[in-house]
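This is what each chain is made of:
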Amino acid sequence: MTTATMQVSQKDFEKAQEQLKLLKKDPGNETKLKLYALFKQATEGPCNSPKPGMLDFVKKAKWDAWNSLGNLSQDNARQKYTELVSSLISAESAGQTKDASPEESRHDGYETIIVTTKNNITKIMFNRPERKNAINHQMYREIIKALQEAGKDDSTIAVITGNGEYYTSGNDLNNFANVQPNDMEKMAKDGAELLKEFVSCFIDFPKPLIAVVNGPAIGISVTLLGLCDIVYASDRATFHTPFSQLGQSPEGCSSYLFPKIMGLAKANEMLLFNKKLTAAEACAWGLVTEVFPDGTFQKEVWERLKAYASLPKNSLAVSKQLLRSMEKEKLHAVNSQECEVLKERWLSDECLNAIVSFFQRKSKL
Ligand SMILES: CCCCC/C=C/CC(=O)SCCNC(=O)CCNC(=O)[C@H](O)C(C)(C)COP(=O)(O)OP(=O)(O)OC[C@H]1O[C@@H](n2cnc3c(N)ncnc32)[C@H](O)[C@@H]1OP(=O)(O)O
């Protein structure tokens, strides 16, 4: 194609301006700035107005966009403007013929969790409903992998939830079963390392992380809520950290975060004395953001999350990181210390007796 045939007439340029007014969807600020700059260049030539002050954000963004076109000729600017409008019109009419809502894509390679992405949300769902979503070693590792991937994918937010009746019943007590006496120390050491890595992923997660607590939550699944950015709960959910009952000790940075969230007196009732909270209590104590009736829980929460996930992704990520950065070092230190204490706890008679008792069907929470 020669330059002559590529050239756009004044009439085409004017037609493009009319077509632009017919767009149904806002093309977004970046595209609007590009259109503005090309229009100015096409009609007035290279940027000739004085640079606005730093605090005049809108004028400065417009000026920057126009100025960035340098000495682009008016003909070329008209051409680019017309092409841009035409691509927006085509994209919109293609979008109208397709299903408006994007498909949910399922991520491969997971057995104990289901990982999907839709509407800029990556959802990580505990998926052992027949075991009340108890977290075995494989599930810890798969959640680590899923969080690492979600941290880097295109999603704006990530959500953790449970499949079925429970959110999760916490650590799978089978993680401690069938260990030969000679292997006990290794079991405790490996367990502490895995736990430390697992909790670190929550501390370091770079985007908003939201817990959608669909039912009862026990143990580590409750402590981790302190590391989530928002916690939505069904009114059927309960929150139970039975550490002393199990001869264990708090993890998930709860020994530091729970007193900050709910005050020391309340945290002590949960973390020392096994107090199980209703969803309403957990909300009043600051652990839960909002409680929804179970009948409308999924609909209300996902509608809200869809709206949140359409907010500017980078702004959300940097803001989350800013909020977390103040505490990050401290949280990693707390995590290390909690894992060290638990390593000893798992070798204690108090813990072993509680586990034997569970498997002999003598105790249930
Ligand atoms: C790397 C290691 C890191 C370790 C980090 C440490 C974390 C600490 C914690 O998370 S502490 C919390 C530990 N969790 C528990 O103690 C819960 C134990 N489970 C129960 O008390 C009950 O199962 C229940 C109250 C959750 C549910 O009771 P219900 O009667 O409604 O249902 P069942 O008991 O019949 O459950 C169905 C089957 O699922 C098995 N199961 C449920 N939860 C767990 C679990 N956490 N660990 C192991 N197994 C669990 C239950 O045994 C049933 O199995 P069965 O059908 O074979 O009998």
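Residues numbered from 1 in each chain as written. Predicted model: local features only at pLDDT ≥ 70, side-chain atom pairs only at ≥ 80, totals over all residues. Heavy atoms only, no water.

## Here we look at the site of the ligand
Around the ligand sit 28 residues in total, of which Ser169, Asn171, Leu173, Arg361 and Lys364 are the nearest. The separation between an oxygen atom of the ligand and a polar side-chain atom of arginine 131 is 3.3 Å. Residue aspartate 172 places a side-chain N or O atom 3.5 Å away from a nitrogen atom belonging to the ligand. Burial of the ligand by the protein chains amounts to 83% of its free accessible area of 1100 Å². Under a 2 Å grid-point criterion requiring more than half of the atoms, the pocket assigned to the ligand is the largest pocket. Elements that contribute at least two residues to the shell around the ligand include exactly helix H6 (137–152) and helix H7 (184–204). With 3 residues, the top contributor of residues to the shell around the ligand is H7. (Near = heavy atom within 4 Å. Polar contact = N/O pair within 3.5 Å; in protein donor to acceptor, adjacent residues only side chain to side chain. Areas by Shrake-Rupley, 256 points an atom, 1.4 Å probe, with all protein chains shown as cover. 1 Å grid on protein atoms, 1.4 Å probe; cavity = no way out; pocket = protein on both sides within 12 Å on 5 of 7 lines; lining within 4 Å. Sits in = over half its atoms within 2 Å of the grid points. Helix = DSSP H or I, 4+ residues; strand = E, 2+ residues; numbered from the N terminus.)

## Here we look at a nonpolar patch on the surface
Together, Met54, Leu55, Phe57 and Val58 line one region of the surface with nonpolar side chains, adding up to about 530 Å² of accessible area. You can see methionine 54 is positioned in the loop between helix H3 (29–44) and helix H4 (57–67). (Patch = residues over 30% accessible without salt bridge, like charges linked within 9 Å, V, L, I, M, F, W, Y side chains within 5 Å. Salt bridge = Lys/Arg side-chain N within 4 Å of Asp/Glu carboxyl O.)

## Concerning helix H12 (residues 297–308)
Look at H12: 16 Å from first C-alpha to last across 12 residues, which is about the 16 Å you get at 1.5 Å a residue. By the burial criterion, the buried members of H12 are Phe297, Val301 and Leu305. Taken down its axis, H12 places every buried residue within 35° of arc, on the same side. Elements that come into contact with the buried residues of H12 comprise strand S3 (121–126), strand S4 (157–162), strand S5 (209–213), strand S7 (230–234) and strand S10 (290–292). (Expected span 1.5 Å × (residues − 1). Buried < 20%, exposed > 50% of the residue type's maximum accessible area, 1.4 Å probe, protein only. Arc of directions from axis to C-beta. Contact = heavy atoms within 4.5 Å.)

## Thoughts on empty space enclosed by the protein
According to the stated counting rule, one finds 1 cavity of 30 Å³ or more in the structure shown. In this structure, the largest cavity occupies an estimated 40 Å³ of space. Lining the largest cavity, in full, are Phe126, Ile160, Tyr167, Phe202, Ser221, Leu224 and Cys228. Classifying every residue of the lining of the largest cavity by side-chain character gives 6 nonpolar, 1 polar and no charged. (Points joined across faces, edges and corners; volume = space filled by probe spheres on them. Nonpolar A, V, L, I, M, F, W, Y, C, P; charged D, E, K, R; others polar.)

## Topic: the layout of surface pockets
In this structure, the largest pocket encloses a volume near 1000 Å³. Together, 43 residues line the largest pocket, and Ser169, Asn171, Leu173, Phe358 and Leu365 are the ones closest to its centre. When contributions to the lining of the largest pocket are tallied by element, the ones reaching two or more residues are H6, H7, strand S8 (238–240) and helix H15 (349–359).

## Details of the UniProt feature "domain: ACB" (unreviewed entry) in the chain
The positions UniProt marks with the feature "domain: ACB" (unreviewed entry) are residues 9–94. Secondary structure across residues 9–94 divides into 71% helix and 0% strand, with the first and last C-alpha atoms of the span separated by 26 Å. (UniProt positions renumbered as here; feature names shortened; annotations may be inferred.)

## Thoughts on the sheet that holds strand S9 (residues 277–278)
To summarise the sheet geometry, strands pair through backbone hydrogen bonds and adopt either a parallel or an antiparallel arrangement. Pairing is mixed in the open sheet, where 3 strands are placed in the order S6-S8-S9. Two strands in the sheet have a free side with no partner beyond their single neighbour: strand S6 (217–218) and S9. As judged from the 2 bridges shared by S6 and S8, these two strands associate in the parallel manner. Note that in S8 the partner of isoleucine 218 across the bridge is histidine 240. (Pairing = 2+ DSSP bridges.)

## Notes on the sheet that holds strand S1 (residues 105–106)
If you trace the 7 strands from one edge of the open sheet to the other, you get S1-S2-S3-S4-S5-S7-S10, paired in mixed fashion. Of all strands in the sheet, those with a lone pairing partner are S1 and S10, marking the two edges. The pairing of S1 with strand S2 (residues 113–118) spans 2 bridges and is classified as antiparallel. Of the residues in S2, the one forming a bridge with arginine 106 is threonine 116. Across the sheet, H12 lies against S3, S4, S5, S7 and S10, angled at about 160° from S7, the strand it touches most. (Axes fitted to C-alpha atoms, helices over the stretch in contact; angles between N-to-C directions.)

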